Amino acid sequence: MDNAVTAKKKWWSGGSSPFNVSYGKLMMWYFLISDAFTFGALLIAYGTQRFMAEAWPDPNVVFHSFPFMGHADMPLVFVSLMTFILIMSSVTMVLAVNAGHYMDRKSVVKWLSLTIIGGIMFLSCQAWEWMHLHEIGAWWGSNPFPNADGTAAISTNFVDFFFTITGFHGLHVTSGVVLNIIVLINVLKGTYEHRGHYEMVEKVGLYWHFVDLVWVFVFTCFYLL
Amino acid sequence: MSNEATLHSQDLHHHGHAADHGHGNGHDGHDHHHEETFISKYVFSMDHKMIAKQFLITGIIWAIIGAFFSVLFRLQLGYPDSTFPWLESILGHWAEGGRITAEAYYALVTMHGTILVFFVLTAGLSGTFSNLLIPLQVGARDMASPFMNMLSYWFFFLASVIMMSSLFVQTGPASGGWTSYPPLSALGDASIGSKIGMDLWLVSMAIFVVSSLLGSLNYISTILNMRTKGMSMTKMPLTIWGFFFTAILGVLSFPVLLSGFVLLLFDRHGGTSFYLSELFVAGKVLPNEGGSAILYQHLFWFLGHPEVYIIILPAMGMVSEILAVNSRKPIFGYLAMVGSMFAITILAFLVWAHHMFVTGLNPFLGAFFVLLTLLIAVPSAIKVFNWITTIWRGNIRFTPASLFSIGFVSTFISGGLTGIWLGNSAIDIHLHDTYFVIAHFHIVMGVSAFFGMFAGIYHWFPKMYGRYMNQTLGFIHFWITLVGAYLIFWPMHYEGMAGMPRRYFDYSNWASFNSFNGLNMFISFVVIIVFATQLLFVFNFFYSIFKGRKLTTPNPWNATTLEWTTPINPGHGNWPGEIPEVHRWAYDYSKDGKDFIPQTVPVSPDESGH
């Protein structure tokens, strides 16, 4: 009789987690929802300002440089590389989480390290792009780019939003890399082996994928549209 | 091992450091007698009950400051021709010759709003009672993450320190109103209060958002994950539902405010033009082009409107519980109460533009916001009728807590009805930015939420400190506050309908409002009396912590909920033995000839259904 009852477990009647997850993972999910609203607000603010503006710079013209290529016209090639690197770091993160499920410490170390390297590469790319834009006179409050229709830009909104939102995203990637490094240290110390599960890897994995997903939106909004 | 123990042993794994202090405490109900230093018990405490007290006492300090500011600016409004030399001795050059300067007036108004809305009625109310009651009423040893809970308080403390320090900078605190609209808030040259005080305000508020987020994530996770065996969602007391929806609102709306603040900080210091366009300041043309001040208003009110429900929902939950306990009747329409709180939570996100009817908002769009705003009247009315039906023919016990709860229902009705006026864009165009708005939101949100908070404090004080508060002082406190609140805010409706605008320092040169001179003086006079009465409450609170009548029974109000099954002074972990199992909802009062049946009592076979 007891078996019959436990077979139909009442998830919501207390005494256990209704989603069968730890509170930590639950919190991470709610935090991500909250953070999605932060980015959502910034991107919607950007959208409204942009569509209220009469003209806007052409991203193919603004983002056409590539390191060490001089003045070669390579529109959006560099940012595509950045995006590729970040998405690949998500793939390695998936593999790290998966290895964690099998308690395969060596593989976790390998894939997590690659994720960290991917994150650092992305940040370095972003640093180069920012420095390059700064050199040609773009910064908060200073917009050297003419509008796509050839008129001079009267507003600095394009660069203002670009630096604020990619900067805010970069801050998230930075904190993701820091979290990944902390977790990697714990993996190396055997903390999770001792604990019996690699859920922390999963939790930072959730954060990492979220940051990647946000980049897809940032990328679309600033480089493609 | 029980389910509860399983859950907690997970926590122990996740939070090794927390476990060192005996948190989670899931080892099948042994009382943990761990060594606690003064620092770990009273300062960096991870016990949700202590954190609740920290929030409460910090909130009380802020409330005294915020209310005192209102006394100061009411002196100016009520007695514009008089001088008060003592003002100069406390405010210095801000009140030269005993009369508050215009700059000081705006700073006082701004800080009054900021302090009361965020530091008292958000952190002080939700922070106190969510922390105290969630683990106790759902049957958990502590919050899901006691460590994050502690951080939540200390971020709030840091935000408080920064906000407090802004009061003492040379150019004074922020003075652009609690909403901090640009361009006034974005341009340091625009006014004296837009200088460093504004920066401190923004930084403090950003830290406040972090505190709120850490707290809210904890509240949601605790309610979902840590309920004791048998405590299904529909067996939870309505208090918990109130805190639950409050936390959801906070998690979803505060981040948008943070985004707005980030953009504002860049406008202030980065030379950007997010909110700025075509401006002249002090005769100079500014280079900023292409921004929109209205954008800030959208971002602000996307938080700002849910914020009023963040303030009122915990009070609603507590009042529901206190009214049921003190009328010895089950709450009327439990599911309707939950459903209406849910409806309010959803609608909260869909009505923000009703604060912006006069910004040039497209009237077509305004019509939708009118409709959605007026829809809120439906769940609000459901709640009001359910409260009234709950006390209808109840065996009412008039304690200070139950009186304040009834007072809450009263002010919620009289303040809520004027909301139907203001929600209409056509009427709002006339009433916008007048004293009518002041009257409306102070009664429906300020006074009501305070009444909910007072009710909660009187009701759960015995749980917090193991002593009662003095009843007589409580009754005096209630009656003067209730009558005083109506005397203060009711006349403002008339002033507002006559067109008297808010946020003005001096009306004396404005002949059309001279007829209100006597009324303004009267309001200010009552403000002083009501403020003095709140000091009586503060005295009662602190006196009772040390000298109040001691509890002799763990369940002083004969209530059904779990917090009263703990010892009079529960240790960290709340229950010395196993966490009790729950068998019934929280409102079995006057059932089958029994006065009350606690939630922990199993349902007997011959019991009537509910």
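Residues numbered from 1 in each chain as written. Chains lettered and ligands numbered in written order. Predicted model: local features only at pLDDT ≥ 70, side-chain atom pairs only at ≥ 80, totals over all residues.

**Q** Describe in detail the overall build of chain A, supporting the description with residues and values.
**A** Helix and strand counts for chain A stand at eight helices and zero strands. When the helices and strands of chain A are listed from N to C terminus, the series reads α-α-α-α-α-α-α-α. If you line up chain A on its principal axes, its C-alpha atoms span 80 × 40 × 20 Å. Counting every position in chain A, which comprises 225 residues, the buried fraction comes to 37%. In chain A, 69% of the contacts between residues at least 6 apart in sequence involve partners at least 24 apart. (Helix = DSSP H or I, 4+ residues; strand = E, 2+ residues; numbered from the N terminus. Buried ≥ 20, exposed ≤ 12 C-beta atoms within 10 Å, placed from the backbone. Contact = placed C-beta atoms within 7 Å.)

**Q** Explain the nonpolar core residue by residue, including any values.
**A** Note that soluble globular proteins tend to have their nonpolar side chains buried in a common cluster. Residue and element names in this part refer to chain B. Ile220 and Ala455 are the most contacted members of the largest nonpolar core, which totals 231 residues. Considering each element in turn, this core owes the most residues, 22 residues, to helix H6 (residues 102-138). Sequence-distant contacts of Ala455, defined by excluding residues within four places in its chain, comprise Met318, Val319, Ile322, Ala401, Phe404, Ser405 and Phe408. (Core = buried A, V, L, I, M, F, W, Y, C linked by C-beta atoms within 7 Å.)

**Q** Talk me through helix H5 (residues 105-135) of chain A; I want residue IDs and the actual numbers.
**A** Residues and elements named next belong to chain A. Taking 1.5 Å per residue, 31 residues should reach 45 Å; H5 reaches 45 Å between its end C-alpha atoms and fits that length. All of the buried residues along H5 are Val108, Trp111, Leu112, Thr115, Ile116, Gly118, Gly119 and Phe122. Packed against the buried residues of H5 are helix H4 (77-101), helix H6 (157-189) and helix H8 (199-224). Looking one or two residues beyond H5, the residue adopting positive phi is Gly137, at roughly 100°. (Expected span 1.5 Å × (residues − 1).)

**Q** I'd like to hear about the packing of helix H2 (residues 23-52) of chain A against H8 of chain A, residue by residue, with values.
**A** All names here are of chain A. With their axes 11 Å apart at the nearest point, H2 and H8 run at an angle of 15° to one another. When the axis of H2 is compared with that of H8, the two are roughly parallel. Handedness of the H2/H8 crossing: right-handed. The residues of H8 that touch H2, namely those facing Gly24, Lys25, Met28, Leu32, Asp35, Phe39, Leu43 and Tyr46, are Glu199, Glu202, Lys203, Leu206, Tyr207, Phe210, Val214, Phe217 and Cys221. Across the contact of H2 with H8, the residue classes break down as 11 nonpolar, one polar and five charged. (Axes fitted to C-alpha atoms, helices over the stretch in contact; angles between N-to-C directions. Parallel < 35°, antiparallel > 145°, perpendicular 65-115°, else oblique. Left-handed = near helix turned anticlockwise from the far one by under 90°. Nonpolar A, V, L, I, M, F, W, Y, C, P; charged D, E, K, R; others polar.)

**Q** Account for helix H4 (residues 48-78) of chain B, with residues named and values stated.
**A** Compared with an ideal rise of 1.5 Å per residue, which puts 31 residues at 45 Å, H4 of chain B spans 43 Å between its outermost C-alpha atoms and is within 8% of the ideal. Of all 31 residues that make up H4 of chain B, 23 are buried, and the element is covered over most of its length.

**Q** Tell me what's going on with unusual backbone geometry, and back it up with residues and numbers.
**A** What you tend to see is this: most non-glycine residues have negative phi, and most peptide bonds are trans. All names here are of chain B. The amide bond that connects Pro182 to the next residue, Pro183, takes the cis arrangement and shows omega of 5°. Its place among the elements puts Pro183 in the loop between helix H7 (146-166) and helix H8 (196-225). Residues other than glycine seldom take positive phi values, yet Ala282 does so here, at roughly 50°. Looking at the element boundaries, Ala282 is found in the loop between strand S1 (280-281) and strand S2 (284-285).

**Q** Just give me the short version of the packing of H2 of chain A against helix H9 (residues 238-269) of chain B, but keep the residues and values in it.
**A** Where H2 of chain A meets H9 of chain B, the closest approach of the two axes is 8 Å, and the angle between their N-to-C directions is 40°. For the element pair H2 of chain A / H9 of chain B, the angle class is oblique. The element H2 of chain A and its partner H9 of chain B pack so that their crossing is right-handed. Between H2 of chain A and H9 of chain B, the residues in contact are Tyr30, Ile33, Ser34, Asp35, Phe37, Thr38, Ala41, Leu42 and Ala45 of chain A and Val251, Leu252, Pro255, Val256, Leu258, Ser259, Gly260 and Leu263 of chain B, respectively. Its residues assigned to classes, the contact of H2 of chain A with H9 of chain B comprises 12 nonpolar, four polar and one charged.

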